[in-house]
Structures are given as C-alpha cells and as structure tokens.
Amino acid sequence: MSDATFTPRVFSGIQPSGGLTLGNYLGAMKRFVDMQDAGTHECVYCMVDLHAITVWQDPAALTRNTRELCAGFIAAGIDPEKSILFNQSQVSEHAQLAWIFNCVARMGWMGRMTQWKDKAGKNAEAASLGLFAYPALMAADILAYHATHVPVGEDQKQHLELTRDIAAKFNHDYGVDFFPLPDPVIEGAATRVMNLQDGTKKMSKSDPSDRTRINMTDDADTIARKIKKARTDPDPLPETVEGLERRPEARNLVNIWAGLADLSVEDVVAQNAGKMFGYFKQDLADLAVAKLAPISTEMARLMQDPDEIDRILARGSDRARDIAAPILRQTFDIMGIVRN
Ligand code: AMP
Ligand code: TRP
C-alpha cells in the first residue's frame, strides 16, 4: 500500500530516563518543533516511560524526569494544542499492540539490534526481557497511530527498519494492507551529536562525566564553560568541509553550530575558514547560550507547576487514545480476536 492512502502523521518519542542533552535537542526535539511548525503533518510526541523502565528507574526520579521532559518539549516550542503531547503508559494501546508485535517479530531480528547488543553488553542473561523486546514496543508506538514519518537521530535508524519489517510481516501474514511502512526522517547537520571530550563517542545522558555533554537544564555559564573546554585539535578551521575529515572533535563543533543556527555545514565552514578554535569556541558558546539558555529558564518556570504539566499530559493522552483505540480495534478484527 502506498503511503499516499494514509494521513500524513508524525510520531516520535523520547525516554524520560534522565536529563535531556544537546543531542536530544538537535537530533530530535528541535526537529519535532520544525515539523509541527511546518503544519504539513499531524504531530504526535510521546514521553516513552515504558521504554525507560526496560532498565531500572527510581520511581521518584521517573516521575520528575517525565514532567521535566514534558517541560522540555514545551520550552523548546512544542505547542500542546497543535501537537499531541503525552506519556506512553497513559495510553494502554501501546502495550497491547506491543504484545501483538512480540508475536510478529522474530527472535533473530531482535538479536541483531546493535542497541540491544550495546546495552545488554556481555551479560545479556541479566538484561530484562523488556530490553530485548524494546523495538517491538517502539514499532507499536509508531504503528498505533499509522504514523508515516518518524523524526529521530541516526542511532534509531535500525529500529525504524525493524518497525517496517514488523508492519510488512503483519500485512503479509494476514493478507492486508493495514499498517503503513513509516519513513525515518534523519535530516540536518546534527543527527549525531558527539561527546565534547571524545569526538568518536555519541553525546549521551548516561556518560559518567558531565563535561562530555550539554544538558538542557545547564545555565548560561555552564554551557559556555563546557564549550570552551571542549576538546579540539591544534589546527585552525579548514577552508573546506573535506578538511574536517579525520578531525571528529572539530567536525562535531561545526555540526553543533550548523544545527543551532539552521545553517549547512558548508556555510559554517565558509564563515569560519582559517579561524583558530579558541575564537570559534567563544562564538559557538555565545550562539549556544543565546539558543539554549531561554529554554532552560522556561523549563525551570514550567517545573514550578507540576499539576499543570500533569493536566497537559492527561489531555494529550485522551487525544492520543482517540487515534490509537480504533486502530487497535481494527487490528484485533483482522486477527480474529473476539471483542465486543
Ligand atoms: P533517547 O534519549 O535515547 O530517548 O533519544 C531521544 C531522541 O534523541 C532519539 O531520536 C535519538 O536518536 C536522539 N538522540 C539522542 N542522543 C543523540 C545524539 N547524541 N545526537 C543526535 N540525536 C540524539
Ligand atoms: N527508542 C527511542 C530512543 O531511545 C525512543 C522511542 C521510543 C521512539 N518509541 C519511539 C522514537 C517511537 C521514535 C518513535 O531514542
């Protein structure tokens, strides 16, 4: 079935498993806002708490992180009236469809997921069953809305391919054209923001060292200090993009600039050709503070009224359920599951 028969709809999710980083912002959230503002798609954005608990979450921290993530979405520019904003576990259709997809996906498919291999590490025996099944829940998140487009960072590409495999197998096994094969939207200069101290590693909220990342809750001084202390090589900025090859730290700072300023990497290189990194980092720090500090200030303000955040999530969940419930009902019908 061609996507043309489906309402253009965006779905994406972020785990409430700790602080948001600049990677989440540039790779995901900022692009969620762009897609909302483009007005071409209905947008559904989710705090995926059921994904977060595939590894241990302290209950009080999970509550706080869910609210903080919601505040982050709104502070970054998501309008909870225009977009649907909610947390996954309030819409039970996600878990129900995930179970169905657990029965569609194959063990071999799951075992090939690089995120599973990285997260389970050498001790896969001790990992939760949920961590292994994680991509089937992600497929359910997306397909419960018949979403056609999924903006994510580069690290989620393989999970999106698996989502398409699940949709295709379901359609094939039941002889239907029911689920769309959603397209990943992995665009822009900053689909993979790297660690500020080691340009070969991804910037991550779980790195033990706080100096390796910028958190969306960092204040202006902290943001500026971390950028000025970011690792770089001794050479000035090159004249061309090719000159960034094999210079991962330099490349990362240029990508961050491009992502924050909505410029191409070529434009950033052209504007800064020959500049020493000391000056470049000073300017980048100013740019980052101008873009990010207002978001962290707004997040802090929103966090003072947790009841209001909970009301927003409840309302978003109702709107999400209105879309997902009929799709789940049709899924049961197709499968011959008796429901009245
Ligand atoms: P997570 O925090 O793992 O739930 O990720 C939420 C979203 O942020 C996903 O779309 C990720 O691909 C994206 N993301 C996380 N870290 C980075 C990064 N370092 N660079 C770009 N995108 C990222
Ligand atoms: N797995 C994603 C991540 O860790 C989060 C996620 C869960 C997601 N469900 C999703 C992203 C559905 C896009 C669509 O980043």
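Residues numbered from 1 in each chain as written. Chains lettered and ligands numbered in written order. Predicted model: local features only at pLDDT ≥ 70, side-chain atom pairs only at ≥ 80, totals over all residues. Heavy atoms only, no water.

Asker: Describe in detail the site of ligand 2, supporting the description with residues and values.
Answerer: If you check the shell around ligand 2, you find 13 residues, and the closest are Gln 15, Tyr 134, Met 138, Asp 141 and Gln 156. Here an oxygen atom of ligand 2 sits 3.0 Å away from a polar atom, N or O, in the side chain of Gln 15. Residue Asp 141 places a side-chain N or O atom 2.7 Å away from a nitrogen atom belonging to ligand 2. For ligand 2, the protein covers 90% of the area, taking 370 Å² as the surface of the free molecule. Take the shell around ligand 2: its biggest share by element is four residues, from helix α7 (residues 129-143). (Near = heavy atom within 4 Å. Polar contact = N/O pair within 3.5 Å; in protein donor to acceptor, adjacent residues only side chain to side chain. Areas by Shrake-Rupley, 256 points an atom, 1.4 Å probe, with all protein chains shown as cover. Helix = DSSP H or I, 4+ residues; strand = E, 2+ residues; numbered from the N terminus.)

Asker: Mind laying out helix α9 (residues 220-228), listing which residues take part and the relevant values?
Answerer: Residues spaced three or four apart along an α-helix face the same direction, because each turn holds 3.6 residues. For α9, every residue scored as buried is listed here: Thr 222, Ile 223, Ala 224, Lys 226 and Ile 227. Buried residues along α9 sit against α12 (277-302). (Buried < 20%, exposed > 50% of the residue type's maximum accessible area, 1.4 Å probe, protein only. Contact = heavy atoms within 4.5 Å.)

Asker: So what about the domain arrangement of the protein chain? Which residues, and what values?
Answerer: Once the domains are mapped, the protein chain shows domain 1 (9-191 + 305-335) and domain 2 (210-301). One C-alpha centre belongs to domain 1, the other to domain 2; they are set 29 Å apart. Across the boundary between the two partners, domain 1 contributes 14 residues, which contact 17 residues of domain 2. Sorting the residues of domain 1 by area buried against domain 2 places Leu 22, Ala 75 and Ala 189 first, and these three jointly supply 39% of that buried surface. Connecting domain 1 to domain 2 are one salt bridge. (Domains from an automatic or database assignment. Buried area = accessible area lost by both parts, 1.4 Å probe. Salt bridge = Lys/Arg side-chain N within 4 Å of Asp/Glu carboxyl O.)

Asker: Please set out the packing of aromatic side chains residue by residue, giving values where relevant.
Answerer: Taken as a whole and assessed by the stated rule, the structure comprises 12 aromatic pairs. Centroid distance Phe 11 to Tyr 145: 5.3 Å. Interplanar angle 20 degrees. Geometry classified as stacked. On the criterion of sequence distance, the pair formed by Phe 11 in strand β1 (residues 9-14) and Tyr 145 in the loop between α7 and β4 (149-151) is long-range, its members being 134 residues apart. The pair formed by Phe 11 and Tyr 145 is uniform in burial state, with each residue classed as buried. On the numbers, 6.3 Å between centres and 20 degrees between planes, the contact of Tyr 45 with Phe 73 is stacked. Of the two residues, Tyr 45 sits in strand β2 (residues 42-47) while Phe 73 sits in helix α3 (residues 59-76), which places them 28 residues apart along the sequence. Among the residues examined, Tyr 45 registers a relative accessible area of 0% and is labelled buried. (Phe/Tyr/Trp six-rings, centres within 6.5 Å; stacked < 30°, edge-to-face > 60°.)

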